[in-house]
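Residues per chain, in single letters:
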Amino acid sequence: MIDLKLLQKDFDNVSAQLKRKGVDEELLADLKAKNEALKVAKMAYEAAQAAQNEMSKLFGQYMREKKDVTELKEKVDANKIKVTELLDVQREAEEALVIRAMAVPNLPDENVPDGEDEESNVELKKVLTPREFSFIPKEHWELAEQNGWIDFERGVKLAKSRFSVINGQGAKLERALINFMLDFNEKRGFNEVSVPQIVNRTALEGTGQLPKFEEDLYKIDGDELYLIPTSEVPLTNLYQDEIIPADELPIKMTAHTACFRKEAGSAGRDVRGIIRQHQFHKVELVSITKPEESDKIFDEMVACASDLLTVLELPHRLVTLCTGDLGFGAAKTVDLEVWLPGQATYREISSVSNTRDFQARRAKIRFKDGKANTLVHTLNGSSLAVGRTMVAIMENFQNEDGTINIPEALKAYM
RNA sequence: GGACAGAUGGCAGAGCUUGGUUGAAUGCACCGGUCUUGAAAACCGGCGAGGGUCAUACCUCCUAGGGUUCGAAUCCCUAUCUGUCCA
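Residues numbered from 1 in each chain as written. Chains lettered and ligands numbered in written order. Predicted model: local features only at pLDDT ≥ 70, side-chain atom pairs only at ≥ 80, totals over all residues. Heavy atoms only, no water.

Asker: How should the sheet that holds strand E15 (residues 372-375) be read in this particular structure?
Answerer: In any sheet, the strands associate via hydrogen bonds between backbone groups, in a parallel or an antiparallel arrangement. Across the sheet, which stays open at both edges, the three strands sit in the order E8-E14-E15 with mixed pairing between neighbours. Both outer strands of the open sheet, strand E8 (242-245) and E15, are each paired with one neighbouring strand and no more. Neighbour-to-neighbour, the strand axes of the sheet open up by a mean angle of 40 degrees, direction not taken into account. Taken together, the four bridges between strand E14 (residues 365-369) and E15 define a ladder with antiparallel strand orientation. (Pairing = 2+ DSSP bridges. Helix = DSSP H or I, 4+ residues; strand = E, 2+ residues; numbered from the N terminus. Axes fitted to C-alpha atoms, helices over the stretch in contact; angles between N-to-C directions.)

Quick look at the structure:
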C-alpha cells in the first residue's frame with residue numbers, strides 16, 4: 001500500500017509519480033478525499049466515544065456513592081445512539097478507503113525509465129556471448145520430445161493444458177538445478193527455508209497479489225486458501241505483523257517451491273513447450289532490509305541471479321523495466337533474460353524487485369530502530385525459474401544430433 | 001469423529017468466580033543510570049502496538065467476529081487455533 005500520509009501531504013508529487021505508472025489522477029484525488037473523510041469521521045466518533053467513556057466512569061462513581069443515576073442514564077443512552085451511528089459512518093469511510101488504497105500500485109523509483117510496455121525497457125548489460133551454431137538450433141520442445149525428457153500429452157491428460165510431465169534425465173536435471181541453485185544462493189548468504197505452498201488471504205494481501213489479482217490464483221474450494229503463485233508470498237509473510245530487532249537485519253532467504261498460476265491474461269502465448277506453465281518450480285530469493293540498505297541488497301540479488309546464469313554458461317542480459325512494465329508492488333525491477341538460440345531471442349528467466357515499504361506497510365513488517373518502529377524494505381527475485389533454466393540449457397547446450405550436454409557446474413549434481 | 005480445557009504485552013504468568021478508577025499485577029528478558037579497574041550482583045529509572053497531536057489530551061487493541069451492558073480482558077454466541085482425554 002502506498003503511504004497515505006505522503007499522498008495527503010504531497011499530493012502533486014505522488015500523483016505525478018503514479019501517473020508514470022498509468023494511475024489516473026482522479027482516482028488518487030478520490031483516494032485523498034476518502035482519506036480526509038475518514039479522518040473527519042474518526043474524529044467525530046472518537047469525540048463521542050470519549051464522552052461516553054467519561055459518563056460511564058461517572059456512572060460507576062454515582063453507583064458507589066449511591067447517587068441517583070436516572071438523569072445520567074438518559075444522557076448516556078442518548079449519546080450511545082450517536083456513538084453507534086458515528087461508528088457506522090467511520091466504518092463505511094474506512095472500507096471505502098481500503099478498497100481504493102489496496103488497488104493503487106507502488107510508486108516507481110525516480111530513475112525507472114518511462115514507457116508503455118516492454119519496448120521501453122532499458123538494457124543494462126549483456127553477459128556472455130551467444131554461441132555460434134554450425135547448424136540451425138532447435139527449439140526446446142523439439143529437443144525435449146526427441147530426448148524423451150518432457151511428455152506434454154500426459155501432463156494435459158492428468159490436469160489440463162499448460163501442464164507437463166518430465167521424465168528420466170530431464171527430471172534429474174530439474175532436481176539437479178534446484179539443488180545447485182539453493183546451494184549457490186546459500187553461499188551468497190541466503191538462508192534456505194522450506195515453506196508452505198498453500199497460504200491464506202492475509203498473506204496474499206500482504207504481498208499485494210490480493211485483492212487485485214484474484215483471477216490469477218488457484219483457490220482451494222471451501223477454504224480461504226490459495227496455491228502460491230511464487231514463494232515470495234510465504235517468505236515475505238513469514239515476518240507479517242512482526243517487529244524485527246534491528247540487529248537481525250538484513251534477513252536474506254532462499255527457498256524452492258512449486259508455483260501455481262492461472263495465466264489468465266496469456267491465452268495463446270507460449271502455448272508450446274514449458275515456458276509458460278500453470279505449475280512450475282522456482283528457486284526464490286527474498287530479503288528484508290533496513291530502508292537505507294535495500295539498494296545494496298537489490299544489487300546483490302541481481303548479481304546472485306546473474307552469476308548463477310554465468311556459472312551455468314548461459315548468455316543473458318540485464319534489463320531495467322520501464323514504468324509500464326513494472327509490477328504492481330515494485331518500485332524498481334531488473335529482469336534477467338536468457339538467450340534462447342532456438343527462438344533467437346532473450347527470454348525472462350528471473351525478475352528481481354525492490355518493493356521498498358509497499359509490502360511492509362500492507363504486511364505490517366517493521367523493525368525496531370532505536371525507539372521508533374519503522375517499516376522495512378522487502379525485496380524478491382527468482383534465482384532462478386527452474387523450467388526456463390532447463391529450456392535455456394536444452395537450447396544452448398544442444399548438439400547437431402539433438403543430444404544435450406550438461407553444463408560443467410551441474411555435473412556434480414547429476 | 002466425540003468430550004473437555006485453554007488462547008492475556010518479547011517470554012512466563014496474574015486478573016475472569018463477585019463487569020467499573022486495569023492497557024493490564026508479578027517475574028524474566030531488554031534499555032538507561034548508580035556502584036565497580038572492568039564485569040557480575042545489588043539498587044534506581046524506563047520498557048507493548050496502531051491512530052491522533054507541535055506536544056498533550058483523546059481513541060482503538062487482552063486470538064478473530066458478533067452480542068449483552070451506562071461500562072467487558074472479565075458475561076453470552078460463533079469461528080479459528082492449541083492442549084488433554086475418548087473412539
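Asker: Is there a simple way to explain the packing of helix H3 (residues 25-64) against helix H4 (residues 70-102) in this structure?
Answerer: The description of two packed helices rests on the angle between their axes and on the distance between the axes. The N-to-C vectors of H3 and H4 enclose an angle of 155 degrees; their axes lie 8 Å apart at closest approach. In terms of orientation, H3 and H4 fall into the roughly antiparallel class. As H3 runs across H4, the sense of the crossing is left-handed. In the contact of H3 with H4, the residues fall into 22 nonpolar, five polar and nine charged. (Parallel < 35°, antiparallel > 145°, perpendicular 65-115°, else oblique. Left-handed = near helix turned anticlockwise from the far one by under 90°. Nonpolar A, V, L, I, M, F, W, Y, C, P; charged D, E, K, R; others polar.)

Asker: I'm lost on the nonpolar core in this one. Help?
Answerer: As a rule of thumb, soluble globular proteins bury nonpolar side chains together. With 49 residues, the main nonpolar core has Leu173, Leu177, Leu314, Leu336, Ile393, Met394 and Leu410 as its most contacted residues. Looking at this core, the elements that each hand over two or more residues are helix H5 (140-146), helix H7 (168-187), strand E10 (279-289), helix H10 (294-311), strand E12 (332-340), strand E13 (345-354), strand E16 (377-385) and helix H12 (386-396). Leave out the neighbours within four places in its chain, and Met394 touches His140, Leu143, Ala144, Trp149, Ile150 and Ile404. Core analysis: the second largest hydrophobic core is formed by 20 residues, Met1, Val23, Ala41 and Phe328 among them. (Core = buried A, V, L, I, M, F, W, Y, C linked by side-chain atoms within 4.5 Å. Buried < 20%, exposed > 50% of the residue type's maximum accessible area, 1.4 Å probe, protein only. Contact = heavy atoms within 4.5 Å.)

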